[in-house]
Amino acid sequence: MKYVVTGGAGFIGSHIAEGLVANGHEVVIFDNFFSGKKENVNDLLAGPNASLIEGTILDSATLRKAFEGADGIFHEAAIASVPRSVADPRETHEVNLSGTVNVLMAARDCGVKKVVFASSAAVYGDKPELPKRESMMPDPLSPYAVTKSAGENYCSVFSRLYGMQCVSLRYFNVFGPRQDPGSPYSGVITKFITNTLAHKPVTIFGDGKQTRDFVYVKDVVRANILAMESPVSGVYNVASGSQLDLMELLEIVANVSGIRVPVEFVQPAAGDVRHSVADIAVAQEILGYVPGCSMREGLGETVQWF
Ligand code: UD1
């Protein structure tokens, strides 16, 4: 099969591209290197089954060129920062929402049968009911979350109107190699590992008892490929289905790296969600998604990468 990965040089997109090539598919990496990096895909591009189109999802003509003859699109390209979306809602709106409509229209116009869209657990907001189920009413609390929620609605409408299948995957806290350690917006795991390996203290906002549903990027790849190959549309959580607090997380990082660093506790971050965990029963039942990587395994591979 021939697949296009928008944002294919980014953190998650590059892992999807790699997974597809490993499964014997042909991959077109579509990226404008806004946050994606050449070094994430250099190895892939050296092989015969991956190619690169440098372009933006705001340019429909380039999208159509990339999508010609494709069997499916993995749409990962986005501005992935909540604070950036709060500072400049219009920029995030353009890229994440207008960009998604462009991707869906180009897919429709090129006769592509399937689009898998990277959505986010951010669409749930911070209501206390747990675990988060796909049937819960979205409650976006940032412009970023609005774009992901509306993107899901567009996917649903395109699958109803134009005879294509569209799946939205709500990623929970994804971690793994290539999550940019230099970004102020990178996840807590990347920050903990960066500081631990540098023998520097880690900062914990609040008491460290807040929990997240951390999912290793290789499980996210598995979910994407299952979503592409299952003859369905709809919205699915992509997570591990289990809850870990920050103190437990730090303990595993210490065990895996063999380095223990001091903790500096500071004020809880404004707007921080206390607990988050997904119900993955629907993804399990409909897509056959079963997370296969333990936290220890995922963290071990991530530490190795640094
Ligand atoms: C994630 C997203 C965020 C989105 C939210 C809603 C990432 C990086 N962030 O935030 O954009 O709005 O989901 O679904 O994926 N923490 C520390 N020390 C640190 C860094 C973080 O204690 O150095 C704490 C945070 O306050 C938070 C927890 O660790 O309580 C997780 O933080 P983070 O990895 O940023 O993810 P989310 O807050 O879940």
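Details of the structure are given in the entry above.
In short, a report on the structure. All of these numbers come straight from a predicted model, not from anything done at the bench.

So, the overall build of the protein
For step 1, the next point in the chain: Scanning the protein from terminus to terminus reveals eleven helices and 13 strands.
For step 2, the next point in the chain: What you see for the protein is a C-alpha radius of gyration of 19 Å, in line with the 19 Å of a compact globule of 306 residues.
For step 3, the next point in the chain: In terms of overall dimensions, the protein has a C-alpha envelope of 55 × 45 × 40 Å along the principal axes.
For step 4, the next point in the chain: Burial statistics for the protein: of 306 residues in total, 52% are counted as buried.
For step 5, the next point in the chain: Within the protein, contacts between residues at least 6 apart in sequence are counted, and of these 80% link residues at least 24 apart.
For step 6, the next point in the chain: Measuring between centres, the 26 positive side-chain charges of the protein sit 1 Å from its 33 negative side-chain charges.

Brief notes about a nonpolar patch on the surface
For step 1, the next point in the chain: Together, Val157, Leu161 and Tyr162 make up a nonpolar patch on the protein surface, roughly 270 Å² of accessible area in all.
For step 2, the next point in the chain: Along the chain, Val157 turns up in helix α6 (residues 143-161).
For step 3, the next point in the chain: Assessed through its relative accessible area of 37%, Val157 is described here as partly exposed.

Cut-offs and rules
Chains are numbered independently. Their residues run from 1 in the order of the written sequence. For a predicted model such as this one, the threshold for reporting local features is a pLDDT of at least 70, and the threshold for listing and counting side-chain atom pairs is 80 or more; totals across whole chains, interfaces and linings nevertheless cover every residue. Side-chain measures were taken over the full set of non-hydrogen atoms in the model, leaving aside hydrogen atoms and water. Helical segments are the DSSP runs of H or I of at least four residues, strand segments are the runs of E of at least two, and each set is numbered from the N terminus. Put simply, the radius of gyration uses C-alpha atoms, and a globule should come to 2.2 Å times the residue count raised to 0.38. Three exposure classes are used, based on accessible area relative to the maximum for each residue type with a 1.4 Å probe and protein chains only: buried under 20%, partly exposed in between, and exposed over 50%. Contact definition: two residues touch when any of their heavy atoms are within 4.5 Å. Counted as positive: Lys and Arg. Counted as negative: Asp and Glu. His and the chain ends are not counted at all. In this description, the location of a charge corresponds to atom NZ of lysine, CZ of arginine, CG of aspartate or CD of glutamate. Note that patches include only residues with greater than 30% relative accessible area and no salt bridge, and the join distances are 9 Å for like charges and 5 Å for nonpolar side chains (Val, Leu, Ile, Met, Phe, Trp, Tyr). Here, Shrake-Rupley sampling with a 1.4 Å probe gives the accessible areas, and only protein chains in the shown set may cover a residue. By definition here, a salt bridge exists when the distance from a side-chain nitrogen of Lys or Arg to a carboxyl oxygen of Asp or Glu is within 4 Å.

That is the geometry; function is a separate question.
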